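# Fold and geometry: a report
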Amino acid sequence: MSTELQERVPRIRDSPARRASVVLSRHARLRLGLLLTAPLFWLGLVYIAALAALLITALWTVDSFTGLISTTWTLDNIVEVVTGSLYQTVTLRTVAVAALVTVVDIVIALPIAFFMAKVASPRLQRALVIAVLMPLWASYLVKAYAWRSVLSNDGLWDWAGAPFGISSPGYGLTATVITLAYLWLPYVILPIYAGLERVPDSLLEASSDLGASTSRTLRTVVLPLLWPAIIAGSIFSFSLSLGDYITVNIVGGTNQLLGNLVYTNVGAANNLPLAASIALIPIVIMFVYLTAARRSGALNSL
Amino acid sequence: MHTPIRRRGALGVTAGAMLLLAACGTTSGSSPSTSAAPSAAPSVTATTIGAGEGTVSILAWPGYVEDGSNDPAVDWVTPFETQTGCQVTSKTYGTSDEAFSLMKTGDYDVVAASGDASLRLVAAGDVAPVNTELLSNYDGIYDFLKMQSWNSVDGQSYGIPHGYGANLLMYNTEAVTPAPTSWDVVFDKASSYAGKVTAYDSPIYIADAAVYLMTHQPDLGIKNPYALDETQLAAAVDLLKAQRAHVGEYWSDYLKSIQSFETGDTVVGTTWQVIANSIPEGTPVDVVLPVEGVTGWSDTWMVASKAKSPNCAYQWLNYIASPEANAAATAYFGEAPSNQAACEFRTDCEAFHAGDADYAAKIWYWSTPIAECIDGRTDATCTDYSAWTKAWAEIKG
C-alpha cells in the first residue's frame, strides 16, 4: 500500500525555489517582512523621504541673483508664509474654492449615484458607470480648455443662455469652481456609488414597511451608512482642488491659488525654498482634514 | 526663404581657424574660477577658433534651433552640420528662469538668453566672455544691439545679439475708441474697459508700469525701468494693483492671448508682434507703439563657461548670426532680425520694424533688475529680481 502511494505521488524535486518556500512557510515573520518590504520601501523612501526633503528645503534660502541655494538653516521662509498677508489671503481663497467644489460635487453626485445603485437596471447601471468614467479618458488640459471656450465671451454658455437672459460668469473664481467641479466629479460619484451598492435593499424595504417616509428613510437609514463614502469622495475633490494650478491659470482670470504661488516660485522666481514653504500649507491642511475624517470613522470602511 | 545657404560665413571662419589652429586646450573660454560678481569679468577669452569637436549642445527658446524635425520646411541646423561637422543637439526651454536652472547642469555649450536672464548667467559664472573679433558675422549686426547692458559687462561682450522685439499695445478697434496712443488705456483709464484689460504675467511686467511712470510721474525720477529703488518700485506696484481691478486675465501663453483677443474677452493690453500677426484676418484689432515707449527683448547667444565644445560653439554663434540663418530663425519665431542683411532673405521685415533705429530706441530691452542700479546711480540701492517676484505675487494677490 505504502509503496503504491509512493509510486503514484511524484517525487519532490529539490530546487532552490522549493527550499526557499519551505523556509518561508516555516518562518512567519520572515514571510511577513519580505511581503512588506516593497510597500514600506515605497512609502518610506519615495513618499516620506520626499516630504522630509521638502521640509528641509523650506529651511534654506536662495541667492536671488546667482540662483544658488545656500544651505544655512533659517525659518525666514516659513515665518513669511505664515505671517504674510498674501499667503493668508490666497490660503483662504484656496480653501474656500476647494470646499465649494467639494460641496457642489457631493450635491451632484448623490442623486446620480443613488440612481445608478438603486434604480437603474443592471444593464443601464453598467452603461452609467462607463458614462461617468468616460471623461477621465480625455486629457485634463483638453477639458479645462474646453471650459475656457464654453465660458468665453462668445462661447457656448452665452449663446445658449442668451434667450433666457443668462450670461456667462466669465473667467474668475466662479469659472474655476465650475471647471474643477466638472473635473473631479467622477472621483466623487464612484465612492458614493460603491457605498450605496453596499447598502442592502432589504433595509430600505424594512424602513418603508415600518412606515417611514422616503425622505426619512434617506435621512436616517441611507445617509448614516453612506457617510464614510461621502467623506471618502470629498477627500479626493478637496485635496485635488487644493493643489490645482492649471485650471486657475486657464479659466481663473486674475486669481491665483496656492498651487500658482508654488509654480511661480519654482518656475519663474527659481526660489525653491519659498515654494517648499508654501507647499507645506496644503500638506498641513490635508493633515488636519484627514485627522478629522479619521475621527469620524470614515476611513475605517475604505 | 530656402535658398541654398552659401558657404561663406561659417566655412570662412572654419578655414581661417584651421590656419590659426592652436592646441585645443588653450582655445576655450574656460570657466572663471574666482568671484561670481558681475563686475569680475573672467580674464580668459578665446583667442582663436580651433578645430570643431564634432558636437555642440544648444539650449534655446522654442523655434530658435530647428532641424526640420518639427516642420520639414524649417531647417537651418542641417546646413550648419554639413558645413562644420558639428552635430547639434538642442533643448528648448519655456522661461528665462528655466534656462537659468538648466545652464547650471553644465550640459550645454551655447545658450540663447533674453535680457532678464543674461546678467544672472554672467554673475553665476555660467557663461564666458565672447571674443567677437573671431566672429566674421558680428560686423553685420545692427550697432544699436551691440555692447548693451544686457549683453556686456564692463565693456566685455558676452555674446552675439539675435532677434529683438517690442511689447506693444494691442486694442480692439471697435471697443477702444478713439484709437489709443498712450498706455493710459491700461492704467489710469483702465476702468473704461474693466474686466477686459490684459497684461503680461511676469515680474518683468513691472518695468512696463515703470515706463509709464517715467512720463506721467516725472518727480519719481525713474531713469531706467529696470533700475527702481524702493520708492519707485512701490509706486509701480501701486499702479499695477490699481490696474489689477480691471484686468480680466494675465497672459504668458501667447496662444491664450490670441484666443482672448479673438473672442473679445480681452480688448486692450500688452502684446507681441507675433501675436498680432497670428490673429486671423477680420478680427478688429490693431497694435500701436505708445508715446511713452515700450519694453521689449533682445536675445543673446552666449557660450557656456564650461563648454565641452567651445570651437563648435563659436562656429554656431557665427553661423546663426549670418544673414541667411538669422533671417530663417527670427522669421520663424516672429521677431526682427539682428543682422542688417537678413531682410534680403525675409519678406515680413517691415512688420517687425527691422533695423528702424528710431523704433528700436523706444524699446527698453528686458534686463535683469539687480541691486546695483544700472542707470548709473551710486547713492541708491535698487530692488533686485527677487524683490520684483515678490511684488508681482502681491500685485496678483
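Because the structure is predicted, anything quoted here is derived from the model rather than measured.

Here we take up the overall build of chain B. Of the regular secondary structure elements, chain B holds 12 helices and 13 strands. Long-range contacts, defined here as pairs at least 24 residues apart, represent 75% of the contacts in chain B between residues at least 6 apart. When the accessible surface of chain B is split by element, carbon and sulfur atoms take 52% of a total near 14,700 Å².

In this section: the overall build of chain A. Secondary structure assignment for chain A yields 14 helices and 2 strands. The C-alpha radius of gyration computed for chain A amounts to 27 Å, which surpasses the reference 19 Å derived for 302 residues by more than 25%, pointing to a less compact arrangement than a globule. Burial analysis of chain A (302 residues in total) assigns 37% to the buried set. Of the accessible surface of chain A, which amounts to about 17,600 Å², a share of 69% is contributed by carbon and sulfur atoms. Between the mean site of the 19 positive side-chain charges and the mean site of the 14 negative ones, chain A shows a separation of 12 Å.

This part is about the environment of B:Gln243. Residue and element names in this part refer to chain B. Summarising the element assignment, Gln243 is placed in helix α6 (residues 230-244). Separated by 49 residues in sequence, Gln243 and Ala194 have C-alpha atoms that sit 9.2 Å apart. Excluding residues within four positions of it along the chain, Gln243 makes contact with Val186, Phe187, Val197, Ala199 and Tyr205.

Now for the interface of chain B and chain A. Opposite the 35 residues of chain B that make contact, chain A presents 28 residues. Ranking the residues of chain B by area buried against chain A places B:Lys256, B:Asp265 and B:Gly397 at the top, with a combined share of 18%. Where chain B touches chain A, the interface holds 2 salt bridges. The closest approach of N and O atoms between A:Arg148 and B:Glu249, which form a salt bridge, is 2.8 Å. Listing elements by their share of the side of chain B that touches chain A, those giving two or more residues are α3 (96-103), α4 (115-123), β9 (247-251), α7 (254-263) and α12 (385-396) of chain B.

Attention now moves to the state of the cysteines. Residue and element names in this part refer to chain B. By the definition in use, this model includes 3 disulfides over all chains. With a sulfur-sulfur separation of 2.0 Å, Cys343 is cross-linked through a disulfide to Cys349. Where Cys343 bonds to Cys349 through sulfur, the torsion about that S-S bond is close to -90°, and the disulfide is left-handed. Disulfide pairing is shown between Cys373 and Cys382; the S-S distance is 2.1 Å. Looking along the S-S bond of the Cys373-Cys382 disulfide, the torsion reads about 110°, which is the right-handed sense.

To continue, consider the pairing of strand β2 (residues 87-92) of chain B. Residue and element names in this part refer to chain B. Pairing geometry for strand β1 (residues 55-60) and β2, over 6 bridges, is parallel. Note on β2: the bridge partner recorded for Thr55 is Gln87. For the segment spanning β1, helix α2 (residues 78-84) and β2, crossover handedness is right-handed.

A few words now on the nonpolar core. Nonpolar side chains in soluble globular proteins tend to be buried together. If you look at the biggest cluster of nonpolar residues, it comprises 117 residues, and the most contacted ones within it are B:Ile206, B:Val268, B:Trp301 and B:Trp316. When sequence neighbours within four positions are dropped, the list of residues in contact with B:Ile206 reads B:Leu228, B:Leu233, B:Ala236, B:Leu240, B:Trp388, B:Ala391, B:Trp392 and B:Ile395.

Residue and element names in this part refer to chain B. This model, assessed by the stated rule, comprises 28 aromatic pairs over all chains. On the basis of an interplanar angle of 75° and a centroid distance of 5.8 Å, the ring pair of Trp301 and Trp316 is categorised as edge-to-face. A residue pair is termed long-range when its members are at least 10 positions apart, and Trp301 in strand β12 (residues 294-304) and Trp316 in helix α9 (residues 310-320) qualify at 15 residues. Look at Trp301 and you get buried, because its relative accessible area is 0%. Three or more aromatic residues link up through ring pairs in this structure, and these residues are Tyr64, Phe80, Trp301, Trp316, Tyr319 and Phe333.

Attention shifts here to the layout of surface pockets. To find the voids left in a structure, one rolls a probe of water-molecule size over its atoms. All names here are of chain A. Empty space within the second largest pocket amounts to approximately 450 Å³. Considering the residues around the second largest pocket, the lining is formed by 17 residues, among which Leu51, Ala279, Pro282, Ile283 and Met286 are closest to the centre. Among the residues forming the lining of the second largest pocket, the class breakdown is 14 nonpolar, 3 polar and no charged.

Residue and element names in this part refer to chain B. Inspection of the entire model under this criterion finds 5 cavities of 30 Å³ or more. When its volume is computed, the largest cavity comes out at roughly 90 Å³. Along its surface, the largest cavity is lined by 15 residues, and Gly165, Ala166, Gln273, Phe352 and Tyr359 are the ones closest to its centre. When contributions to the lining of the largest cavity are tallied by element, the ones reaching two or more residues are β7 (160-172) and α8 (273-278). Residue composition of the lining of the largest cavity, grouped by class: 10 nonpolar, 4 polar and 1 charged.

Residues and elements named next belong to chain A. With their axes 7 Å apart at the nearest point, helix α3 (residues 28-58) and helix α14 (residues 272-295) run at an angle of 125° to one another. When the axes of α3 and α14 are compared, the pair comes out oblique. Where α3 crosses over α14, the handedness of that crossing is left-handed. For the pair formed by α3 and α14, the contact residues are Leu51, Leu54, Leu55, Thr57 and Ala58 on the first element and Leu272, Pro273, Ala276, Ser277, Ala279, Leu280 and Ile283 on the second.

Tracing the backbone through its elements, the reader meets A:Thr254 in the loop between α12 (246-251) and α13 (258-268). When residues no more than four places from it in sequence are discounted, the contact partners of A:Thr254 are B:Arg244, B:Val247, B:Gly248, B:Glu249, B:Tyr250 and B:Lys396.

Glancing now at the pattern of salt bridges. Residues and elements named next belong to chain B. This structure, assessed with the given rule, holds 10 salt bridges over all chains. With its nearest N and O atoms 3.6 Å apart, the salt bridge here joins Asp143 to Lys146. A relative accessible area of 15% places Lys146 in the buried class. What you see here is one network of salt bridges that share partners, running through Asp229, Asp375 and Arg377.

All names here are of chain B. Here chain B averages 84 in pLDDT, and 88% of its residues register 70 or above. Counted against residues more than four places away or in other chains, residues 1-43, with its pLDDT under 50, gives 71 contacts. Here the predicted complex carries an ipTM of 0.72, next to a pTM of 0.76.

The rules behind these values
- Residues numbered from 1 in each chain as written.
- Chains lettered and ligands numbered in written order.
- Predicted model: local features only at pLDDT ≥ 70, side-chain atom pairs only at ≥ 80, totals over all residues.
- Heavy atoms only, no water.
- Helix = DSSP H or I, 4+ residues; strand = E, 2+ residues; numbered from the N terminus.
- Contact = heavy atoms within 4.5 Å.
- Areas by Shrake-Rupley, 256 points an atom, 1.4 Å probe, with all protein chains shown as cover.
- Rg over C-alpha atoms; globule rule 2.2 N^0.38 Å.
- Buried < 20%, exposed > 50% of the residue type's maximum accessible area, 1.4 Å probe, protein only.
- Lys, Arg positive; Asp, Glu negative; His and termini not counted.
- Charge placed at Lys NZ, Arg CZ, Asp CG, Glu CD.
- Buried area = accessible area lost by both parts, 1.4 Å probe.
- Salt bridge = Lys/Arg side-chain N within 4 Å of Asp/Glu carboxyl O.
- Disulfide = S-S within 2.5 Å.
- Pairing = 2+ DSSP bridges.
- Right-handed = clockwise from strand over helix to strand, strands pointing away.
- Core = buried A, V, L, I, M, F, W, Y, C linked by side-chain atoms within 4.5 Å.
- Phe/Tyr/Trp six-rings, centres within 6.5 Å; stacked < 30°, edge-to-face > 60°.
- 1 Å grid on protein atoms, 1.4 Å probe; cavity = no way out; pocket = protein on both sides within 12 Å on 5 of 7 lines; lining within 4 Å.
- Points joined across faces, edges and corners; volume = space filled by probe spheres on them.
- Nonpolar A, V, L, I, M, F, W, Y, C, P; charged D, E, K, R; others polar.
- Axes fitted to C-alpha atoms, helices over the stretch in contact; angles between N-to-C directions.
- Parallel < 35°, antiparallel > 145°, perpendicular 65-115°, else oblique.
- Left-handed = near helix turned anticlockwise from the far one by under 90°.
- pLDDT = per-residue confidence, 0-100.

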